[in-house]
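Residues per chain, in single letters:
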Amino acid sequence: MMNVVGMLDELQTRAAHNEEWKRLLLATREEAEPLSAFCRVCRELGYELYEMDVICAGEEFHAAMKRSTNGGGENSPKLEWEDDFYELFFAGLEGKRH
């Protein structure tokens with residue numbers, strides 16, 4: 001079973017080479033609830049992703065990074081987007097070319 005980060009990575013790579021998938025995924029950003037729409041399209045494409053999966057994966061990654069650096073204290077700096085796999089997905093997708 002693939003984890004959330006693995007699914008997002010695979011989906012991003014496949015969408016970069018499939019214009020229809022890319023169009024469908026990018027269109028979700030215009031929805032009233034973009035993360036929900038994104039996850040719905042992911043499921044339609046065969047990737048069992050839900051909103052809390054994406055949110056929790058980012059938070060868990062950030063927490064692990066904080067524990068591994070700077071003694072894991074609360075004063076560890078937060079980098080922009082570091083725990084937002086949703087935004088990172090689109091930044092990567094928009095940057096990828098065929």
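Described in the following lines is the structure provided in the data block.

Here is what the cut-offs are and how they apply
Residues numbered from 1 in each chain as written. Predicted model: local features only at pLDDT ≥ 70, side-chain atom pairs only at ≥ 80, totals over all residues. Heavy atoms only, no water. Phe/Tyr/Trp six-rings, centres within 6.5 Å; stacked < 30°, edge-to-face > 60°. Helix = DSSP H or I, 4+ residues; strand = E, 2+ residues; numbered from the N terminus. Axes fitted to C-alpha atoms, helices over the stretch in contact; angles between N-to-C directions. Parallel < 35°, antiparallel > 145°, perpendicular 65-115°, else oblique. Left-handed = near helix turned anticlockwise from the far one by under 90°. Contact = heavy atoms within 4.5 Å. Nonpolar A, V, L, I, M, F, W, Y, C, P; charged D, E, K, R; others polar.

Let us look at the packing of aromatic side chains. For the structure on display, the rule yields 6 aromatic pairs. Ring centres of Tyr-86 and Phe-90 lie 5.1 Å apart, and the angle between their planes is 75°; on these two criteria the pair is classed as edge-to-face. In this pair, Tyr-86 and Phe-90 both sit in helix α5 (residues 85-95), 4 residues apart, roughly one turn of the helix. Among the aromatic residues, those joined into a ring-pair cluster are Phe-38, Tyr-86, Phe-89 and Phe-90.

This part covers the packing of helix α3 (residues 34-44) against α5. Interhelical geometry of α3 versus α5 gives an angle of 65° and a closest axis separation of 11 Å. One element, α3, and the other, α5, form an angle in the roughly perpendicular class. Every pair of crossing elements has a handedness; the one defined by α3 and α5 is left-handed. Along the contact surface, α3 presents Pro-34, Leu-35 and Phe-38, while α5 presents Tyr-86, Phe-89 and Phe-90. Here the contact of α3 with α5 is built from residues that sort into 6 nonpolar, no polar and no charged.

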